[in-house]
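# Descriptive analysis of the structure
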Amino acid sequence: MGDNVQLWMAITQMAFTKGSITGVYAAIYTYSPELFPTVIRNTAMGFCSTIARVGAIAASYISMWIAEQFGKVFMIIPFGCMAVLAAVMTLLFLPETMGKPLPESIEEIEEGDSYRSSHEMQPLSKSTEETA
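The notes below deal with the structure included here. (Residues numbered from 1 in each chain as written. Predicted model: local features only at pLDDT ≥ 70, side-chain atom pairs only at ≥ 80, totals over all residues. Heavy atoms only, no water.)

## Describing helix 2 (residues 41-70)
We count it as follows: Put simply, DSSP marks the helices as runs of H or I at least four residues long and the strands as runs of E at least two long, and each gets a number from the N terminus on. By this rule the span expected of a helix is its residue count minus one, scaled by 1.5 Å. For every residue, the accessible area (1.4 Å probe, protein chains only) is compared with the maximum for its type, and the residue is labelled buried under 20%, exposed over 50%, or partly exposed between those bounds. The contact rule is simple, with two residues in contact once any of their heavy atoms fall within 4.5 Å.
In this model, helix 2 (30 residues) spans 42 Å end to end at C-alpha, consistent with the 44 Å of a helix rising 1.5 Å per residue. Among all positions in helix 2, only Arg41, Ala44, Met45, Ser63 and Ile66 are buried. Elements in contact with the buried residues of helix 2: helix 1 (7-31) and helix 3 (76-93). Positioned one or two residues after helix 2, Gly71 has a phi angle of 110°, which is positive.

Shown next as structure tokens:
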């Protein structure tokens, strides 16, 4: 059932998937450290990386089960839906960090927006309009 996939379709899906994975890894290791305070940043990133590896191992077993039960074509449905859900949740729920100082301690994280709004970053130099 559903194992008759054309070669061009399989190659297209594989190329799109590999490109998406590359883009996600570039974004994860750029954005994620900004969410953790300095004192636990390395430990937190290590923990996140470990959980990601556990998820990758589980995904291989899940995909083998789906292929056996429903066919190879249906492997993309649960993983594609979870990827889109993760992207939407990232866009909607993670805070904007541009122009805001990174948290230095756990207390700053607990204070949340009240700390960030009172400590906005200022430009390093004044613009030419202000000095003229």
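## A short note on the side chain of Ser105
For the record, the criterion: Whenever a nitrogen or oxygen atom comes within 3.5 Å of another N or O atom, the pair is scored as a polar contact, on the condition that within protein one atom can donate a hydrogen and the other can accept it, and that pairs from neighbouring residues in sequence are kept only if both atoms are in side chains.
Mapping Ser105 onto the fold places it in the loop between helix 3 and helix 4 (106-111). A distance of 3.3 Å separates polar atoms of two side chains, one belonging to Ser105 and the other to Glu107. When residues no more than four places from it in sequence are discounted, the contact partners of Ser105 are Pro37 and Val39.

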